[in-house]
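Chain residues, written in single-letter form:
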Amino acid sequence: MEQNAITLNPIKKVEGTVNVPGSKSLSNRALLLAALAKGTTTVSNLLDSDDIRHMLNALKLLGVSYQLSSDKTECRVEGLGGAFTHSPSKPLFLGNAGTAMRPLCAALAASDVNVELTGEPRMEERPIGDLVNALQEAGADIQYRQTAGFPPLLVHGKPLSGGEISVDGSVSSQFLTALLMAAPLFKGNVIINIQGQLVSKPYIDITLHIMKQFGVEVINRDYQQFFIKAGQAYVSPGRFMVEGDASSASYFLAAAAIKGGKVTVTGIGSNSVQGDIRFADVLEKMGAKVNWQEESISVTRGTLTGIDMDLNHIPDAAMTIATTALFADSPTTIRNIYNWRVKETDRLHAMATELKKIGAEVEEGRDYIKVWPLGNFVHAAIDTYHDHRIAMCFSLLALNEQPVTINDPGCTAKTFPDYFSRLATICKH
Ligand SMILES: O=C(O)C1=C[C@@H](OP(=O)(O)O)[C@@H](O)[C@H](O)C1
Ligand SMILES: C=C(OP(=O)(O)O)C(=O)O
């Protein structure tokens, strides 16, 4: 259900500290590996949001036992000690959570279960064919319920023997992540060869990092080939602490770069395994002052200058640059972001459309966006296309002299349900 629009009044200054909620990428990976591991895992600082709820609901239907704390940020998962064994009584509804759909598809294909994977209408437009092809090459039985290459899927899981498989990495890194996380369920050695140019590469580092925490080693041959030796199994690390979400941090850091005051985000810092912390380097390049601590990042304002950069390595946080660019003194070009088009919405088109509404000059290319600085903002109602990041990026427009209206602000529930109230804690009007 859509929420009423909110209007943010012009913000004069931002100042303060925000503790960002747990990382979506780490929360869903941790829950899945905890379910497959031997032993009990306590996942701490779990994100409480729609994407995580979909993973938790799916695990419950798959017969995984867990206890969730009353504030839903800690989960004690009883590991199965191997593949799933229980076929759910109804389809697993995974909303629009790529980090649930893709990894569950691979893990279930290698488990002795029959299951249907469904999602929101947009999920039925988000590609999964490259992952299904790779799994079918490994002997998996997966069928498309409606349209070839897209969910919903019927997975007739069975033990898979392993061997050499290839996956195209040029649409989403989540396909490779899914194969890597499922590989220890295969009986033999697994060799994964990458075809095409691997996108969103740092998310693979998150995957390898967490697999290691759960006791599985992957040999990474320069992101071209991955080798997972047979006989490895996930073992609970006891407790897994989820770091703060680096993409969620980007909005507060950008606000400081535009109109600080000093803003500090805690729960994430120089120690992070998430590629999206490199967003702070981009802000620095634009002219903001960035201070790194092991568990926090602080930003203060600078005179912002436009940049021309390939931001394929930070696809989610790169959206924040597209609205920050309005406040710079020269144009900004964000390159190599074709896969913005296959996420929560066609983000390249949506960003360009909404930026134009507030009077900005924008060029939308096949795989890039160019944004010119804006002097006179026009008050507009921003459509959010069920995309949490559009809502959060465009909230930054209130750092000018005009208000901004955000339609359906509740869409931030995908990864950051209380985003607007946390933003309010650092705003001075
Ligand atoms: O593996 C992950 O946790 C993610 C990978 C990225 O997707 P792509 O690999 O599809 O770019 C990112 O956009 C998404 O929000 C989370
Ligand atoms: C692309 C995103 O989500 P998903 O995990 O569904 O791919 C995102 O959070 O920006």
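All values derive from a computational prediction rather than experimental measurement.

Neighbouring ligand 1 are 13 residues, the closest being Ser25, Ser173, Ser200, Asp316 and Lys343. Here an oxygen atom of ligand 1 sits 2.6 Å away from a polar atom, N or O, in the side chain of serine 200. With respect to the pocket detection grid, ligand 1 is positioned in the largest cavity. Here the shell around ligand 1 takes three residues from helix H1 (residues 24-36), the largest share from any one element. Of the residues belonging to the shell around ligand 1, the class tally is two nonpolar, seven polar and four charged.

Here we come to the UniProt feature "domain: Enolpyruvate transferase" (unreviewed entry) in the protein chain. With numbering aligned to this structure, UniProt lists the feature "domain: Enolpyruvate transferase" (unreviewed entry) at residues 9-423. For residues 9-423, the helix share is 29%, the strand share is 23%, and the end-to-end C-alpha distance is 12 Å.

Once that is clear, we can look at the side chain of threonine 333. By the secondary structure assignment, threonine 333 is in strand E19 (residues 332-335). The class of threonine 333 is buried, set by a relative accessible area of 6%. If sequence neighbours within four positions are ignored, threonine 333 has contacts with Ile307, Asp308, Met309, Tyr368, Ile369 and Lys370.

On to the site of ligand 2. Neighbouring residues of ligand 2: 14 residues in total, closest Lys24, Gly98, Arg126, Arg389 and Lys414. Here ligand 2 has 290 Å² of accessible area as a free molecule, and 99% of this is covered by the chains. Of all the cavities here, the one that holds ligand 2 is the largest cavity. Mapped by element, the contributors of at least two residues to the shell around ligand 2 are helix H3 (98-109) and helix H11 (388-395). Split into classes, the residues belonging to the shell around ligand 2 amount to one nonpolar, five polar and eight charged.

Attention shifts here to unusual backbone geometry. Backbone torsion omega between proline 151 and proline 152 reads 0 degrees, so that peptide bond is classified as cis. By the secondary structure assignment, proline 152 is in the loop between strand E8 (141-144) and strand E9 (153-156). In this chain, glycine 260 is followed by glycine 261 through a cis amide linkage whose omega measures 10 degrees. Looking at the secondary structure, you find glycine 261 in strand E15 (residues 260-266).

Our next topic: the sheet that holds strand E14 (residues 239-241). Strand order in this open sheet of four strands is E4-E5-E3-E14, and the pairing throughout is mixed. A strand with exactly one partner marks an edge of an open sheet, and here the two such strands are strand E4 (65-68) and E14. Pairwise comparison of adjacent strand axes, ignoring direction, gives a mean angle of 20 degrees for this sheet. In terms of strand pairing, strand E3 (residues 40-44) meets E14 through three bridges, oriented parallel. Considered in E14, the bridge of valine 43 is made with phenylalanine 240. Contacts from helix H2 (residues 50-61) reach E4 and strand E5 (74-78), with the element oriented near 140 degrees to E4.

This brings us to the pairing of strand E16 (residues 289-293). For E16 and strand E17 (residues 296-300), the ladder comprises five bridges, and the chain directions are antiparallel. Bridge pairing in E17 links lysine 289 to threonine 300.

Take the UniProt feature "active site" (unreviewed entry) in the protein chain next. Residues given the UniProt feature "active site" (unreviewed entry) here are Asp316. Here aspartate 316 lies in the loop between strand E18 (308-310) and helix H9 (318-324). Overall, the relative accessible area of 7% leaves aspartate 316 in the buried class. Excluding its chain neighbours within four sequence positions, the residues that come into contact with aspartate 316 are Lys24, Tyr203, Ser247, Asp276, Lys343, Arg347 and Arg389. In this structure the side chain of aspartate 316 is engaged in a polar contact, spanning 3.4 Å, whose partner is the side chain of tyrosine 203.

Moving on to the packing of aromatic side chains. Summed over all chains, the structure comprises eight aromatic pairs. Between the aromatic rings of tyrosine 223 and phenylalanine 226, the centroid separation amounts to 6.3 Å while the plane-to-plane angle is 75 degrees, which identifies the pairing as edge-to-face. Considered together, tyrosine 223 and phenylalanine 226 belong to a single accessibility category, that of buried residues. By the ring-pair criterion, three or more aromatic residues cluster together here, those being Tyr251, Phe252, Phe416, Tyr419 and Phe420. Lying across the ring of tyrosine 223, lysine 201 places its NZ or CZ 4.5 Å from the centre. Directly above the aromatic system of tyrosine 368 lies the positively charged group of arginine 335, at a separation of 5.7 Å from the ring centroid.

Analysis parameters
- Residues numbered from 1 in each chain as written.
- Chains lettered and ligands numbered in written order.
- Predicted model: local features only at pLDDT ≥ 70, side-chain atom pairs only at ≥ 80, totals over all residues.
- Heavy atoms only, no water.
- Near = heavy atom within 4 Å.
- Polar contact = N/O pair within 3.5 Å; in protein donor to acceptor, adjacent residues only side chain to side chain.
- 1 Å grid on protein atoms, 1.4 Å probe; cavity = no way out; pocket = protein on both sides within 12 Å on 5 of 7 lines; lining within 4 Å.
- Sits in = over half its atoms within 2 Å of the grid points.
- Helix = DSSP H or I, 4+ residues; strand = E, 2+ residues; numbered from the N terminus.
- Nonpolar A, V, L, I, M, F, W, Y, C, P; charged D, E, K, R; others polar.
- UniProt positions renumbered as here; feature names shortened; annotations may be inferred.
- Buried < 20%, exposed > 50% of the residue type's maximum accessible area, 1.4 Å probe, protein only.
- Contact = heavy atoms within 4.5 Å.
- Areas by Shrake-Rupley, 256 points an atom, 1.4 Å probe, with all protein chains shown as cover.
- Pairing = 2+ DSSP bridges.
- Axes fitted to C-alpha atoms, helices over the stretch in contact; angles between N-to-C directions.
- Phe/Tyr/Trp six-rings, centres within 6.5 Å; stacked < 30°, edge-to-face > 60°.
- Lys NZ or Arg CZ within 6 Å of the ring centre and 35° of its normal.

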